[in-house]
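This is what each chain is made of:
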Amino acid sequence: MVSSCKTGPDILNSNLASLVAECLQMLDSGADYLHLDVMGGHFVPSITFGHPVVESLQKHLGQDPFFNMYMMVSRPEQWLKPMAIAGANRYTFYLEATENPGALIKDIRENGMKVGLTIKPVTTVEYLAAWANQIDMALVMTVILGFGGQKFMDNMMPKVHWLRTQSHLWT
Ligand SMILES: O=C(CO)[C@@H](O)[C@H](O)COP(=O)(O)O
């Protein structure tokens, strides 16, 4: 596993009416990538935006910014192609949201995106570890998914530590 540190700010609490300007400010401030919070109103109760917004962002920001799609949606399979066409670079899905993670990982790669995998705070990290050698990024959630502005759950950090120390998982 590559352990170099990268910064990917989420845009959930930005001024969504000025999203391009907000993204530019984050990129100018040194963000390595943008973490775009997609909520579908089913897997989580809130709704944010979908692939049309990603497409608009890419038109305005160009090809350079790396878009990590953080998919808080049920059946993430259904948005994979539209997101790839819109310009998404990494498709991060919830392990709990799909019945066939292996097929989804394959499909994400075939559509030219990198693979991110995340789990809910209540899910044990070993569940994610089973897929580690097939993914590009593991996202350990340290807040309850679906809402911004929450208190950081520092009791999730042992999961991060465990993943980082299990080098055999990543090869
Ligand atoms: O959407 C989620 C959690 O589901 C996160 O990606 C939030 O965006 C985090 O929000 P802040 O902690 O930055 O307010």
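Figured I'd write up the structure that's included with this text.

Conventions adopted
Residues numbered from 1 in each chain as written. Predicted model: local features only at pLDDT ≥ 70, side-chain atom pairs only at ≥ 80, totals over all residues. Heavy atoms only, no water. Buried < 20%, exposed > 50% of the residue type's maximum accessible area, 1.4 Å probe, protein only. Helix = DSSP H or I, 4+ residues; strand = E, 2+ residues; numbered from the N terminus. Pairing = 2+ DSSP bridges. Near = heavy atom within 4 Å. Polar contact = N/O pair within 3.5 Å; in protein donor to acceptor, adjacent residues only side chain to side chain. Areas by Shrake-Rupley, 256 points an atom, 1.4 Å probe, with all protein chains shown as cover. 1 Å grid on protein atoms, 1.4 Å probe; cavity = no way out; pocket = protein on both sides within 12 Å on 5 of 7 lines; lining within 4 Å. Sits in = over half its atoms within 2 Å of the grid points. Nonpolar A, V, L, I, M, F, W, Y, C, P; charged D, E, K, R; others polar. Salt bridge = Lys/Arg side-chain N within 4 Å of Asp/Glu carboxyl O. Contact = heavy atoms within 4.5 Å. Arc of directions from axis to C-beta. Axes fitted to C-alpha atoms, helices over the stretch in contact; angles between N-to-C directions.

## Quick look at the pairing of strand β5 (residues 137-140)
Thought 1: Here β5 shows two buried faces, one formed by Met137 and Leu139 and the other by Ala138 and Val140.
Thought 2: Note that strand β4 (residues 114-119) and β5 share four bridges and pair parallel. Directly across from Leu117, in β5, lies its bridge partner Ala138.

## Here we look at the site of the ligand
Thought 1: Near the ligand there are 15 residues, and of these Asp10, Asn13, Asp37, Gly146 and Gly149 occur at the shortest range.
Thought 2: Within the contact set of the ligand, an oxygen atom lies 2.7 Å away from a side-chain nitrogen or oxygen of Asp37.
Thought 3: Protein chains bury 82% of the 370 Å² of accessible surface belonging to the ligand in isolation.
Thought 4: When atoms are counted within 2 Å of each cavity's grid points, the one that captures over half of the ligand is the largest pocket.
Thought 5: For the shell around the ligand, the elements supplying multiple residues, two or more each, are β1 (34-39) and β2 (67-72).
Thought 6: Top contributing element to the shell around the ligand by residue count: β1, with three residues.
Thought 7: By residue class, the composition of the shell around the ligand is eight nonpolar, five polar and two charged.

## Here we look at the pattern of salt bridges
Thought 1: Evaluation of the coordinates by the stated rule reveals three salt bridges.
Thought 2: Between Glu110 and Lys106 there is a salt bridge; the shortest N-O distance is 3.1 Å. Taken together, the residues span about one helical turn, with Glu110 and Lys106 both in helix α4 (residues 101-110) at a distance of four residues.
Thought 3: Overall, the relative accessible area of 55% leaves Glu110 in the exposed class.
Thought 4: Here Lys106 falls in the exposed class, since its relative accessible area comes to 53%.
Thought 5: Note that Arg109 is salt-bridged to Asp136, the shortest N-O span being 3.0 Å. With a gap of 27 residues between them, Arg109 in helix α4 and Asp136 in the loop between α5 (125-129) and β5 connect regions that are remote in the sequence.

## As for the environment of Leu169
Thought 1: Following the sequence through the fold, Leu169 ends up in the segment after α6 (157-165).
Thought 2: For the pair Leu169 and Pro45, spaced 124 residues apart in the sequence, the C-alpha separation amounts to 33 Å.
Thought 3: With residues up to four places along the chain from it excluded, the contact list for Leu169 reads Ala129, Ala132, Asn133, Trp162 and Leu163.

## Regarding helix α1 (residues 19-28)
Thought 1: Of the residues making up α1, those classed as buried are Leu19, Glu22, Cys23 and Met26. Along the long axis of α1, the arc covered by the buried residues comes to 100°, so they all point the same way. Pointing more than 90 degrees away from the buried face of α1 are the exposed residues Gln25 and Asp28.
Thought 2: Residues of α1 that are buried in the fold lie against β1 and α2 (51-61).
Thought 3: Once α1 finishes, Gly30 follows within two positions and takes phi at roughly 110°, a positive value.

## Thoughts on the sheet that holds strand β3 (residues 90-94)
Thought 1: With parallel pairing, five strands are arranged side by side in an open sheet as β1-β2-β3-β4-β5. With partners counted over all chains shown, the strands left at the sheet margins are β1 and β5, one partner each. Direction aside, the axes of adjacent strands within the sheet are offset by 25° on average.
Thought 2: Taken strand by strand, α2 contacts β1 and β2, and its axis lies near 165° from that of β2.

## Regarding α2
Thought 1: Those residues of α2 not exposed but buried are Val54, Leu57, Gln58 and Leu61. Taken around the axis of α2, the buried residues stretch over an arc of 100°, which confines them to a single face. Away from the buried face of α2 by more than 90 degrees, exposed residues Lys59 and His60 are located.
Thought 2: Buried residues in α2 make contact with α1, β1, β2 and α3 (80-86).

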